[in-house]
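What follows is each chain in one-letter form.
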Amino acid sequence: MNSQTTSRQTTFVSQPSQSTSNNHQSLCCYTNHTSHVQVIRLVNQSHTNWQRVIFPGERFLFEADSESNLEIMVNEAVSSLVNCQKLLVKLEA
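The rules behind the values
Residues numbered from 1 in each chain as written. Predicted model: local features only at pLDDT ≥ 70, side-chain atom pairs only at ≥ 80, totals over all residues. Heavy atoms only, no water. Pairing = 2+ DSSP bridges. Helix = DSSP H or I, 4+ residues; strand = E, 2+ residues; numbered from the N terminus. Phe/Tyr/Trp six-rings, centres within 6.5 Å; stacked < 30°, edge-to-face > 60°. Buried < 20%, exposed > 50% of the residue type's maximum accessible area, 1.4 Å probe, protein only. Salt bridge = Lys/Arg side-chain N within 4 Å of Asp/Glu carboxyl O. Contact = heavy atoms within 4.5 Å.

A.B. asks: I'd love a proper account of the pairing of strand β3 (residues 38-43), names of residues and values included.
C.D. replies: With four bridges connecting them, β3 and strand β4 (residues 51-54) associate as antiparallel partners. Each residue of the ladder has a partner; that of Ile 40, found in β4, is Arg 52. In this sheet, strand β6 (residues 69-74) lies alongside β3 in antiparallel orientation, the contact comprising five bridges. What sits directly across from Val 39, in β6, is Met 73.

A.B. asks: Let's hear about the packing of aromatic side chains: which residues, and what values?
C.D. replies: Taken as a whole and judged by the stated rule, the model has three aromatic pairs. Ring geometry for Trp 50 and Phe 62: centres 5.5 Å apart, planes at 70°, overall edge-to-face. One end of the pair, Trp 50, is in the loop between β3 and β4; the other, Phe 62, is in strand β5 (residues 59-65), with twelve residues separating them in the sequence. According to the relative accessible area criterion, Phe 62 is buried, its value standing at 0%. Every member of this aromatic cluster is reached through a ring pair, and the members are Trp 50, Phe 60 and Phe 62.

A.B. asks: Quick one: what's the story with the pattern of salt bridges, residue by residue and with numbers?
C.D. replies: Evaluated as defined, the whole model comprises one salt bridge. One salt bridge in this structure joins Arg 41 and Glu 71, with 2.8 Å as the shortest N-O distance. Here Glu 71 lies in strand β6 and Arg 41 lies in strand β3, a separation of 30 residues in the sequence. On the accessibility criterion, Arg 41 (28% relative accessible area) is partly exposed. Since its relative accessible area comes to 12%, Glu 71 is described here as buried.

A.B. asks: Lay out the environment of Leu 87 in plain terms, naming residues and giving numbers.
C.D. replies: Mapped onto the fold, Leu 87 is located in the segment after β7 (77-83). C-alpha separation for the pair Leu 87 and Cys 28, spaced 59 residues apart in sequence, amounts to 5.0 Å. Leu 87 has contacts with Leu 27, Cys 28, Cys 29, Tyr 30, Phe 62, Leu 70 and Val 82, leaving out every residue within four places of it along the chain.

Any functional reading would require information beyond the geometric quantities listed.
Below you can see the structure in the form of structure tokens.
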């Protein structure tokens, strides 16, 4: 039986939060819609510093504050900078 299955992988990163009254963390989601491997990095967030490799079709869930930006790199060059407000997950009640 030769069947090809394409699976989407979802990764979730949760950093220990440092509660402050003006630092509200929200759930965000980024999906690599390209056919290239990307490296993403969270910037403008003082208490968190991470970067991850995201494969084509992969979804990545993470927590970020409203001031954060997601830097997306392809071939070691920054291709775009996205404000995390645009990546917020809308939760239905």
